[in-house]
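# Descriptive structure summary
Next come the chains, spelled out residue by residue.
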Amino acid sequence: VQLQASGGGLVQPGGSLRLSCAASGSIFAINVMGWYRQAPGKQRDLVATITVGGNTNYADSVKGRFTISRDNAKNTVYLQMNSLKPEDTAVYYCNANARRIGSGWRDYWGQGTLVTVSS
């Protein structure tokens with residue numbers, strides 16, 4: 001399973017960005033999909049997750065500003081980021097808990113996309 005993330009870039013404080021991540025390959029099923037982020041010198045932290053049924057979970061720091069969604073038919077997860085702050089600057093990674101045809105469940109990671117919030 002390959003995860004291809006896109007949508008990062010440079011944005012001013014208060015601005016918005018939308019990240020996308022599409023899963024491809026010999027996918028049998030995908031359970032939870034999510035976004036994590038890693039700022040320079042820090043650990044990778046949860047941003048948001050969404051189940052196949054649409055239940056969502058957010059880090060406290062992004063509640064009310066970020067919205068995660070997914071299109072199950074396209075095996076794609078999105079992250080709409082509004083009211084961005086400099087402290088949101090990080091590499092954002094998408095994650096999927098998935099099964100390949102003939103294999104068991106495991107976590108897959110995308111390559112990361114850089115989000116920089118700066119004036």
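Residues numbered from 1 in each chain as written. Predicted model: local features only at pLDDT ≥ 70, side-chain atom pairs only at ≥ 80, totals over all residues. Heavy atoms only, no water.

Let's shift gears to the environment of Arg-37. Looking at the element boundaries, Arg-37 is found in strand S4 (residues 27-38). The exposure class assigned to Arg-37 is buried, which follows from its relative accessible area of 14%. As a C-alpha pair, Arg-37 and Tyr-92 span 55 residues in sequence and 4.3 Å in three-dimensional space. Ignoring sequence-local partners within four residues, the contact set of Arg-37 consists of Gln-43, Arg-44, Asp-45, Val-47, Ser-61, Val-62, Phe-66, Glu-87, Asp-88, Ala-90, Val-91 and Tyr-92. Engagement of the side chain of Arg-37 in a polar contact is seen with the side chain of Asp-88, the distance being 2.9 Å. Here the side chain of Arg-37 touches Tyr-92 through a polar contact of 2.9 Å, side chain to side chain. (Helix = DSSP H or I, 4+ residues; strand = E, 2+ residues; numbered from the N terminus. Buried < 20%, exposed > 50% of the residue type's maximum accessible area, 1.4 Å probe, protein only. Contact = heavy atoms within 4.5 Å. Polar contact = N/O pair within 3.5 Å; in protein donor to acceptor, adjacent residues only side chain to side chain.)

Looking now at the packing of aromatic side chains. Per the stated rule, a full pass over the model turns up one aromatic pair. Between the aromatic rings of Tyr-36 and Trp-109, the centroid separation amounts to 5.1 Å while the plane-to-plane angle is 65°, which identifies the pairing as edge-to-face. Highlighted residues: Tyr-36 in strand S4 and Trp-109 in strand S10 (residues 105-109), separated in sequence by 73 residues. Seen from the ring of Tyr-93, Arg-44 lies directly overhead, with NZ or CZ sitting 3.7 Å from the centre. The ring of Tyr-108 carries Arg-106 above its face, with NZ or CZ at 4.1 Å from the centroid. (Phe/Tyr/Trp six-rings, centres within 6.5 Å; stacked < 30°, edge-to-face > 60°. Lys NZ or Arg CZ within 6 Å of the ring centre and 35° of its normal.)

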